[in-house]
Amino acid sequence: MFPTTIAGSLPKPLWLAEPNRLWAPWKLAGAELAESKLDATLLAIKRQEDAGIDIVTDGEQSRQHFVHGFLEFVDGIDFARKVEIGIRKNRYKAMVPTVTSPLRLKGRVHAAEARHARAHSARKLKFTLPGPMTIIDTIADNYYGDRVKMAFAFARLLNEEARGLAADGVNVVQFDEPAFNVYMDEVRDWGIDALHTAIEGLTCASAVHICYGYGIKANVDWKATLGGEWRQYEQTFPALAASRIDEVSLECCNSKVPMDLLGLLAGKAVQIGAIDVATEAIETPDEVASVVAQAMKHIPKDRIVVSTNCGMAPMRPEVAWRKLAALGQGAALARQRYG
Ligand code: ZN
């Protein structure tokens, strides 16, 4: 009852990259970097296991950023040709690379860290990949001439990697789609179909993570414009409920998402965000348990997974570790109270 997981990422060790910032450059290179990424993966797993996290991740220790960590392994993208675009409907500007020829994987993207994580943990393993809609929102196109066509090209590559991850022993492949809270019409028009392409033939469980973004200033400012009730999920959850995706990971804690929207996810396992990544205040176990209690009013207990609102990559490490502990303790308390 009430297994725990995290959205995906954790801070990196101080010797690997500067903490508390997105896109932090690596402090090592070459073979040293490759070996150190795996060491960091082990630490991330140990942190989670010690905190009582049941479904662990690699902490995304091997990628600089959740989208570009994948793109680096894709042929057809010119990283020297960077242009500035407004992403997430112009919420912020980013320098992004350009697609210049047909997209193809150079090989396996995450095999090393997935196999390393699998070899060193007996717990269930979740692995995250960026979703097709979020990828095409974070890259410029000078080849396909059609954003949707490009999204499906990426979806086929994601499918290749997802199948590889399942073969490596991963239990859940999760696609991160923060763009699903921005382009709600497109989610219904083609976003879910693109995810279906990404999970075709997948032998492990599939999940989609839809959030309101990392706790960085641009997102906090954007959230302030969304009004007293965030109803973005209301438009996409019915379509997700009808989809072949097994699980949905979403933001609940301290957000203005009306909890009754969870009722729209009939039949899905729901990873509820019970830890806020936009504040350094540490949740109490009681606060975590109370998010579970709220969720229980709208979804059956046995479909609740307790998680974080979003990734913890840009957090101060000591804050992230304390939040991780609160997550484990809060879920244990919820089991005692409601299990
Ligand atoms: Zn997120």
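This text gives an overview of the structure that appears in the document.

Analysis parameters
- Residues numbered from 1 in each chain as written.
- Predicted model: local features only at pLDDT ≥ 70, side-chain atom pairs only at ≥ 80, totals over all residues.
- Buried ≥ 20, exposed ≤ 12 C-beta atoms within 10 Å, placed from the backbone.
- Helix = DSSP H or I, 4+ residues; strand = E, 2+ residues; numbered from the N terminus.
- Pairing = 2+ DSSP bridges.
- Right-handed = clockwise from strand over helix to strand, strands pointing away.
- Axes fitted to C-alpha atoms, helices over the stretch in contact; angles between N-to-C directions.
- Parallel < 35°, antiparallel > 145°, perpendicular 65-115°, else oblique.
- Left-handed = near helix turned anticlockwise from the far one by under 90°.
- Contact = placed C-beta atoms within 7 Å.
- Nonpolar A, V, L, I, M, F, W, Y, C, P; charged D, E, K, R; others polar.
- Expected span 1.5 Å × (residues − 1).

Before going further, it helps to examine the pairing of strand S9 (residues 269-273). Most of S9 sits out of view: five of its five residues are buried. Of the two faces of S9, the one carrying Ala-269, Gln-271 and Gly-273 and the one carrying Val-270 and Ile-272 are both buried. Judged from the five bridges that link them, strand S8 (residues 247-251) and S9 form a sheet pairing that is parallel. For Glu-247, the partnering residue across the bridge sits in S9 and is Ala-269. Note: S9 against strand S10 (residues 304-307), four bridges, orientation parallel. If you follow Val-270 over to S10, its bridge partner there is Ile-304. Each parallel crossover has a hand, and for S9 linked through helix H9 (residues 285-296) to S10 it is right-handed.

In this section: the packing of helix H1 (residues 30-50) against helix H3 (residues 111-120). Angle between the axes and distance between the axes are the two parameters that describe a pair of packed helices. Running from N to C, H1 and H3 point in directions that differ by 40°, and their axes come no closer than 10 Å. One finds that H1 runs oblique with respect to H3. The chirality of how H1 crosses H3 is right-handed. Residues Lys-37, Leu-38, Thr-41, Leu-42 and Ile-45 of H1 touch H3, and the partners they reach there are Ala-112, Glu-113, His-116, Ala-117 and His-120. Taken together, the residues that form the contact of H1 with H3 break down as five nonpolar, three polar and two charged.

What follows deals with helix H10 (residues 317-338). In this model, H10 (22 residues) spans 31 Å end to end at C-alpha, consistent with the 32 Å of a helix rising 1.5 Å per residue. What H10 keeps buried is the set Ala-320, Lys-323, Leu-324, Ala-326, Leu-327, Gly-328, Gly-330, Ala-331, Leu-333 and Ala-334. Next to the buried residues of H10 lie H1, H9 and S10.

Attention now goes to unusual backbone geometry. If you check the backbone angles, Asn-20 has positive phi at about 65° while not being a glycine. In this structure, Asn-20 sits in the segment before H1. According to the C-beta neighbour criterion, Asn-20 is partly exposed, with 13 such atoms within 10 Å. Here Glu-60, not a glycine, exhibits a phi torsion of approximately 50°, which is positive. Here Glu-60 shows up in the loop between strand S1 (55-56) and helix H2 (68-71). C-beta crowding within 10 Å serves as the criterion here: with 27 such atoms nearby, Glu-60 is assigned to the buried category.

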